[in-house]
Amino acid sequence: MSGYVGIVVSDPSLQNQFTQVELRSLKTHFMSMRRDSGKLTVGDLASKMSRLKVVGENLSEEERASLIQDYHRDLQDEVDFELFLKVYLKLQAHANARTGSNAKNSSAFLKAATTTLLHTISESEKASYVAHINNYLAGDEFLKKYLPIDSSSNDLFEIVKDGVLLCKLINVAVPGTIDERAINTKRLLNPWERNENHTLCLNSAKAIGCTVVNIGTQDFIEGRRHLVLGVISQIIKIQLLADLNLKKTPQLLQLVDDSKDVEELMSLPPEKILLRWMNFHLKKAGYKKIVTNFSSDIKDGEAYANLLNVLAPEHSNPSTLAVKNPLQRAKLILEHADRMGCRRYLTAKDIVEGSPNLNLAFVAHIFQHRNGLSTQTKEISFLEVSPDDTQISREERAFRLWINSLGNSTYIDNVFEDLRNGWVLLETLDKLSPGIVNWKIANKPPIKLPFRKVENCNQVVKIGKQLKFSLVNIAGNDIVQGNKKLILALLWQMMRYNVLQLLKNLRFHSHGKEITDADILQWANAKVRISGSQSHMNSFKDKSLADGIFFLELLSAVQPRAVNWSLVTKGVTDEEKKMNATYIISIARKLGCSIFLLPEDITEVNQKMILTLTASIMHWFMKQPVEEKASGISDSENGSQSETISNSTLDDSASDSSIEENGNI
């Protein structure tokens, strides 16, 4: 079979406006519209394009019709795919102009790594990220032949094409995310080995909190600069903000006065904690303004000057606040930071221009190296972590990452806080079962009146019951109040429903029948047995699964070359079990499984996460062409990459036709 071929548009300028994931989704919609009436005319588009979220929600049918007629006069002309794309771009531009396109979520660093029309890159950001990579990966044995990268060139976009650098960068940000034994690191990688690395990278990026909804492996292969930088910026952000929580930095308790404030602090996203930390020190310096962002509020440099004077008075320069020229002040600020050993990520020009990404990186870097907080931390009893709290925290993390991977309109940092108005839950349910939400009665954020939030959450519970979730004693108000156990119970059933629907929608296997947990268990045992192994899983809570051997046998059964058995341990000691578990997760992601569990979920046999892992492997296998499964050959061996554009299982919607729900299409 031939290698991967994406959707090709004859007009190059049009092709460059879209990622392959976007083209696939739009092509699916185009074909669906054409099927409805046999052919598609220009006059049909105004009504039929209502199902595309951005242009459907933000433009009325009359507005769409008027814009289309201005663009193409003859309404009887038949529409081909290229004309469809041109009309879509025209409408999208008007819709984005009206909504301010992503203004809501545009705080520092890209939350959504791509917007269709913004394809420029900041040379200053590129130089900053290259310096970060050169610094943190300088000692890497494989990458040493490529480093240091010249920031004035485009070498970065060539080096990322084999996938290794981004995998390594993810491990710098969140150590242990990727088992490096799973990365293909030969000197010369073939196209399929590179694709495996990109697949591993994208699924691992999602697993640490990056939003990569509209990015596929082909975008890295083509070296699409804005997409590459979007992913790199998110990975670096996660690394720099890693210490901004009470677990890593308990001294942050000094920012609050009582236990109620502590609870609020624990629920804040790291960027907000960083701003609160900055304002805490600025108040001590007598600075009267409140810094609310990493852009306009710090352009004049006064906040920086005061912050550094508090943190490192021994290096202060009286001239910094005295000078009137903002650029000159910015230069003095960076000299001060340099004397502290904290000059990194931005230039004086970046301060004056208010670059949000680089200013956030700079402040986070200062926090990491000198946070100015006392080492004497007051004791707060409820910060002590019980085993139950650890389990809740782990499940919250998995569900949060899963929801964020779906590309909803709002990025959530804490499921117990950010889901309380019901809106993101409704968006998620609409992805799991398109059309099930009654948007006419839904209340869109910001929502000030509590009863409006309850209305949204009541609809969430009602839909859950329609989908046959077990929601005994759960009411909408429980979600609004942030009841942790009930929210986790709801989210687990949503994730499980998603898993089972994905399998059911592979109709050529399920024939449209409901897939049960027992079907998944039976399939896994059958695959392992047919491969000649004696391993067996009695249930998803079978304690013998802790050593990881069964899942390694399963991965080897679905893809014979997936597992390097010389790297597998016997799984006797806790350390050996963890090594096997880490390897399992990376191998599954490398195949194309989008999974959000941790090694501990395998070694401790977390029943829920074991089910999602097994179902994810099953879904990946079922998607492969029949002749490949019969021969035991994978995509990566024969070159077929028909499914690796979105590389997801648990977080794919039931079909490509719902990709537009992510807010980008």
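Residues numbered from 1 in each chain as written. Predicted model: local features only at pLDDT ≥ 70, side-chain atom pairs only at ≥ 80, totals over all residues. Heavy atoms only, no water.

I would appreciate a short explanation of the overall build of the protein in the present structure.
Of the regular secondary structure elements, the protein holds 33 helices and zero strands. Within the protein, buried positions represent 55% of all 665 residues. Only carbon and sulfur atoms are counted for the fraction: they give 50% of the accessible area of the protein, which is about 28200 Å². (Helix = DSSP H or I, 4+ residues; strand = E, 2+ residues; numbered from the N terminus. Buried < 20%, exposed > 50% of the residue type's maximum accessible area, 1.4 Å probe, protein only. Areas by Shrake-Rupley, 256 points an atom, 1.4 Å probe, with all protein chains shown as cover.)

I keep staring at the side chain of Ser153 and nothing clicks. Help me out?
Looking at the secondary structure, you find Ser153 in the loop between α7 (123-136) and α8 (155-159). Side-chain polar atoms of Ser153 contact the backbone nitrogen of Asp155, separated by 3.1 Å. (Polar contact = N/O pair within 3.5 Å; in protein donor to acceptor, adjacent residues only side chain to side chain.)

Got a minute to help me understand the pattern of salt bridges in this structure?
Enumeration over the complete set of coordinates arrives at 24 salt bridges. In this structure, the salt-bridge partner of Glu123 is Lys126, at a minimum N-O distance of 3.1 Å. Here Lys126 and Glu123 lie together in helix α7, a separation of three residues that amounts to about one turn. We note a salt bridge from Lys289 to Asp300, for which the minimum N-O separation is 3.9 Å. Of this pair, Lys289 sits in the loop between α14 (270-284) and α15 (302-311) while Asp300 sits in the loop between α14 and α15, placing them eleven residues apart in sequence. Asp300 gets classed as partly exposed once you look at its relative accessible area, which sits at 23%. (Salt bridge = Lys/Arg side-chain N within 4 Å of Asp/Glu carboxyl O.)

Would you mind showing me how to read the nonpolar core here?
Soluble globular proteins tend to pack their nonpolar side chains together in the buried interior. One finds Leu274, Trp277, Met278 and Phe551 to be the most contacted residues of the largest nonpolar core, which totals 171 residues. Per element, the largest residue contribution to this core is eleven residues, and it comes from helix α25 (residues 484-504). Sequence-distant contacts of Met278, that is, excluding residues within four places in its chain, are made with Val291, Ile298, Ala303, Tyr304, Leu307 and Val363. Judged by nonpolar contacts, the second largest core, of 26 residues, contains Val42, Leu67, Phe81 and Leu83. (Core = buried A, V, L, I, M, F, W, Y, C linked by side-chain atoms within 4.5 Å. Contact = heavy atoms within 4.5 Å.)

How do you make sense of the side chain of His336 when you look at a structure like this?
Mapped onto the elements of the fold, His336 is located in helix α17 (residues 326-340). Here His336 falls in the buried class, since its relative accessible area comes to 3%. Other than its neighbours up to four places away in sequence, His336 contacts Leu308, Asn309, Ala312, His315 and Ser316.

Sorry if this is basic, but what is going on with helix α22 (residues 423-432) here?
Owing to its 3.6 residues per turn, the α-helix brings residues three or four apart onto one side. α22 sits mainly inside the fold: ten of its ten residues count as buried. All of the buried residues in α22 are Trp423, Val424, Leu425, Leu426, Glu427, Thr428, Leu429, Asp430, Lys431 and Leu432.

Explain the packing of aromatic side chains to me, please; I cannot follow it from the model alone.
If you walk through the whole model with that rule in mind, you get ten aromatic pairs. Ring geometry for Phe30 against Phe84: centres 5.4 Å apart, planes inclined by 50 degrees, an arrangement best described as tilted. Note that Phe30 is positioned in helix α2 (residues 20-37) and Phe84 in helix α6 (residues 81-99), a separation of 54 residues in sequence. Exposure remark for Phe84: the relative accessible area of 0% places this residue in the buried category. For the pair Trp523 and Phe621, a centre-to-centre distance of 5.9 Å together with 45 degrees between the ring planes defines the contact as tilted. (Phe/Tyr/Trp six-rings, centres within 6.5 Å; stacked < 30°, edge-to-face > 60°.)

Any chance you could explain unusual backbone geometry here in plain terms?
Comment: phi is negative for the bulk of residues other than glycine, and the bulk of peptide bonds are trans. Of note, the amide linkage connecting Leu147 to Pro148 takes the cis form, showing an omega dihedral of 0 degrees. A cis amide bond links Pro445 with the next residue in sequence, Pro446, at an omega value of 0 degrees. A positive phi angle, near 70 degrees, is found at Lys468, a position not held by glycine. Summarising the element assignment, Lys468 is placed in the loop between α23 (450-466) and α24 (476-480). Of the residues examined, Lys468 reaches a relative accessible area of 76% and is grouped as exposed. Non-glycine residue Val605 carries a positive phi angle of around 50 degrees. If you trace the backbone, Val605 turns up in the loop between α30 (599-603) and α31 (607-623). You can call Val605 buried: its relative accessible area is 7%.

What should I look at first to understand the packing of α15 against α17 in this one?
Between two packed helices, what matters for the description is the angle formed by their axes and the separation of those axes. One can describe the packing of α15 onto α17 by two numbers: an axis separation of 10 Å at closest approach and a directional angle of 25 degrees. With respect to their mutual orientation, α15 and α17 come out roughly parallel. Note on packing geometry: the crossing formed by α15 with α17 is left-handed. On α17, the residues that touch Glu302, Tyr304, Ala305, Leu308, Asn309 and Leu311 of α15 are Arg329, Ile333, His336, Ala337 and Met340. A breakdown of the residues in the contact of α15 with α17 according to their chemical character gives seven nonpolar, two polar and two charged. (Axes fitted to C-alpha atoms, helices over the stretch in contact; angles between N-to-C directions. Parallel < 35°, antiparallel > 145°, perpendicular 65-115°, else oblique. Left-handed = near helix turned anticlockwise from the far one by under 90°. Nonpolar A, V, L, I, M, F, W, Y, C, P; charged D, E, K, R; others polar.)

What am I meant to see in the packing of helix α9 (residues 164-173) against helix α12 (residues 225-240) here?
Packing of α9 against α12 brings their axes to within 8 Å, and their N-to-C directions diverge by 20 degrees. Considered as vectors, α9 and α12 are oriented roughly parallel to each other. In this structure, the crossing between α9 and α12 has a hand that is left-handed. Along its contact with α9, which presents Leu166, Leu169, Ile170, Val172 and Ala173, the element α12 presents Ile232, Ile235, Ile236 and Gln239. Residues of the contact of α9 with α12, tallied by class, amount to eight nonpolar, one polar and no charged.

Would you take a moment to explain the environment of Phe81 for this structure?
Looking at the secondary structure, you find Phe81 in helix α6. Since its relative accessible area comes to 10%, Phe81 is described here as buried. Each C-alpha atom of the pair Phe81 and Lys27 lies 7.2 Å from the other, and the pair is 54 residues apart in sequence.

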